[in-house]
Amino acid sequence: MFNNQVVVITGAGRGIGAAAARLFADYGAAVVVNDLENAMAEETARAIRARGGQAVALAGDVTEPGFPERLMQTAVDRCGRLNVLVNNAGYTWDGMAHKIADPQWQAILDVHLSAPFRMIRAAAPHLREAAAAEMESGAGMSNRCVVNVSSTSGLHGNIGQANYAAAKMGIVGLTKTIAREWGPLAIRCNAVAFGFVDTRLTRAQEVQEESIEIDGREVVLGIPQKVRSMLDKDIQLRIPLGRPASEDEAAAGIVLIASPLASYITGHVLEVTGGMGI
Ligand SMILES: NC(=O)c1ccc[n+]([C@@H]2O[C@H](COP(=O)([O-])OP(=O)(O)OC[C@H]3O[C@@H](n4cnc5c(N)ncnc54)[C@H](O)[C@@H]3O)[C@@H](O)[C@H]2O)c1
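Residues numbered from 1 in each chain as written. Predicted model: local features only at pLDDT ≥ 70, side-chain atom pairs only at ≥ 80, totals over all residues.

Undergrad: Even after reading the chapter, I still don't get the overall build of the chain, so can you show me in this structure?
TA: Check the secondary structure of the chain and you find 10 helices and 9 strands. Computed over its C-alpha atoms, the radius of gyration of the chain comes to 18 Å, within 12% of the 19 Å expected for a compact globule of 278 residues. If you line up the chain on its principal axes, its C-alpha atoms span 60 × 40 × 40 Å. Expressed as a percentage of the 278 residues in the chain, the buried residues total 45%. Put simply, of all contacts in the chain between residues at least 6 apart along the chain, 68% involve residues at least 24 apart. (Helix = DSSP H or I, 4+ residues; strand = E, 2+ residues; numbered from the N terminus. Rg over C-alpha atoms; globule rule 2.2 N^0.38 Å. Buried ≥ 20, exposed ≤ 12 C-beta atoms within 10 Å, placed from the backbone. Contact = placed C-beta atoms within 7 Å.)

Undergrad: Explain unusual backbone geometry here, please?
TA: Trans peptide bonds make up most of the peptide bonds, and negative phi angles are found at most residues other than glycine. A positive phi angle, near 65°, is found at Ala186, a position not held by glycine. Ala186 gets classed as partly exposed once you count the C-beta atoms within 10 Å, which come to 18. You will see that Asp215, though not glycine, has its phi angle at about 50°, which is positive. You can see Asp215 is positioned in the loop between strand S7 (211-214) and strand S8 (217-220).

Undergrad: What am I meant to see in the site of the ligand here?
TA: In the vicinity of the ligand there are 28 residues, among which Gly11, Gly15, Gly90, Phe194 and Thr199 approach most closely. For the shell around the ligand, the secondary-structure elements that each account for two or more residues are helix H1 (15-26), strand S2 (30-35) and strand S5 (145-151). If you tally residues by element for the shell around the ligand, the top one is H1, at 3 residues. Tallied by class, residues from the shell around the ligand come to 12 nonpolar, 12 polar and 4 charged. (Near = placed C-beta within 6 Å. Nonpolar A, V, L, I, M, F, W, Y, C, P; charged D, E, K, R; others polar.)

Undergrad: Hey, could you run me through the packing of H1 against helix H10 (residues 247-258) in this one?
TA: A pair of packed helices can be characterised by two numbers: the angle between their axes and the separation between those axes. Orientation of H1 relative to H10, taken along the N-to-C sense of each, is 60°, at an axis distance of 8 Å. Relative to H10, the element H1 is oriented oblique. As for how H1 packs across H10, the hand of that crossing is right-handed. On H10, the residues touching Gly15, Ile16, Ala19, Ala20, Leu23 and Phe24 of H1 are Glu247, Asp248, Ala250, Ala251, Ala252, Ile254 and Val255. In terms of residue class, the contact of H1 with H10 is built from 10 nonpolar, 1 polar and 2 charged. (Axes fitted to C-alpha atoms, helices over the stretch in contact; angles between N-to-C directions. Parallel < 35°, antiparallel > 145°, perpendicular 65-115°, else oblique. Left-handed = near helix turned anticlockwise from the far one by under 90°.)

Undergrad: Could you clarify how one ought to interpret H10 in this entry?
TA: At 3.6 residues per turn, the α-helix brings residues three or four places apart onto the same side. For H10, with 12 residues, the first-to-last C-alpha span of 17 Å sits near the 16 Å given by 1.5 Å per residue. By the burial criterion, the buried members of H10 are Ala250, Ala251, Gly253, Ile254, Val255, Ile257 and Ala258. (Expected span 1.5 Å × (residues − 1).)

Undergrad: What's the story with the sheet that holds strand S3 (residues 54-59) in this structure? I'm lost.
TA: What links the strands of a sheet is backbone hydrogen bonding, and the strands pair in either a parallel or an antiparallel sense. Taking strand neighbours across the sheet as the criterion, the 7 strands line up as S3-S2-S1-S4-S5-S6-S9 in an open arrangement whose pairing is parallel. Every other strand in the sheet has two partners, leaving S3 and strand S9 (269-272) as the edge strands with one partner each. Strand-to-strand, the axes of this sheet are offset by a mean angle of 20°, without reference to chain direction. Alignment of S5 against strand S6 (residues 188-194), held across 7 bridges, turns out to be parallel. In the strand pairing of S6, Asn148 is matched with Ala191. Contacts from helix H2 (residues 38-50) reach S2 and S3, with the element oriented near 180° to S3. Across the sheet, helix H4 (residues 102-137) touches strand S4 (84-87) and S5, and the angle it forms with S4 is around 170°. (Pairing = 2+ DSSP bridges.)

Undergrad: It is not clear to me how the packing of helix H3 (residues 67-79) against H4 should be interpreted in this structure. Could you clarify?
TA: In the contact formed by H3 and H4, the axes pass within 8 Å of each other and the chain directions differ by 35°. The hand of the H3/H4 crossing is right-handed. Contacts between H3 and H4 involve Pro68, Glu69, Met72 and Val76 from the former and Arg118, Met119, Ala122, Ala123 and His126 from the latter. Residues belonging to the contact of H3 with H4 are distributed by class as follows: 6 nonpolar, 1 polar and 2 charged.

Printed below as a string of structure tokens:
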């Protein structure tokens with residue numbers, strides 16, 4: 001399905017991104033794996049190579065000026081081309097709207113909205129020029145697309161996530177705009193909105209003790225145990241399928257919409273939610 005195609009995935013050292021990287025590789029793609037730390041990105045790339053796949057790791061912060069250009073250039077230099085960009089990297093820094101400080105607001109907008117925009121802009125020459133040349137030559141068009149990761153928090157809002165919800169809805173507008181602007185070159189752009197996926201972003205803070213360092217500040221990841229227990233209690237009511245998604249199930253949504261089988265699907269928001277919010 002992805003033979004001779006090159007896929008760049010941000011935040012693919014763990015969680016949904018790592019699962020997507022493995023799945024793309026299983027279907028034949030060469031994958032460029034990005035994450036903040038080299039060890040994490042390398043771990044995913046090594047796992048792919050151990051299964052006989054092709055993968056290259058590039059560590060770096062997606063919000064760092066100039067990094068998007070370096071990531072796209074790495075894909076082209078090391079793997080020969082770019083077909084699919086998946087904007088997946090991110091984290092949460094929750095708080096009630098009236099208590100969110102400026103750096104907390106800005107950091108989440110930066111990672112979930114501005115960085116994907118800059119990634120798309122950096123991917124533009126590689127995707128658009130290759131598509132235009134193919135079109136000119138009259139050859140069949142290759143699969144080329146962008147997949148942006150959104151969330152039900154963006155589609156419906158979520159208590160404690162004003163910053164994250166704003167960014168995750170913003171990326172829907174960005175997705176639809178790119179779909180309109182790049183459609184004439186047969187380059188698709190879709191979003192995948194997840195609901196409740198079992199990763200370190202949704203596990204109980206007190207149990208997992210995970211954090212991320214942003215500008216020298218430690219941001220605790222996960223949900224307070226009290227809130228997680230409340231969510232678990234009425235899970236059958238909130239989610240028709242009655243359980244969170246596994247990382248692999250979430251990743252499958254990304255791979256599905258990036259695949260050539262979705263060649264006539266663009267500007268769409270695929271809800272991978274077990275039916276949550278319908
Ligand atoms: N888990 C859920 O229920 C859920 C729901 C909706 C949307 N999402 C979205 O799915 C995506 C993946 O999240 P996940 O649940 O797999 O979380 P995760 O923490 O398991 O993985 C996210 C990865 O992104 C990396 N990352 C964070 N900031 C980065 C940066 N600035 N530069 C490069 N890499 C960075 C992290 O190091 C981490 O490895 C995120 O965009 C998240 O908002 C998750």
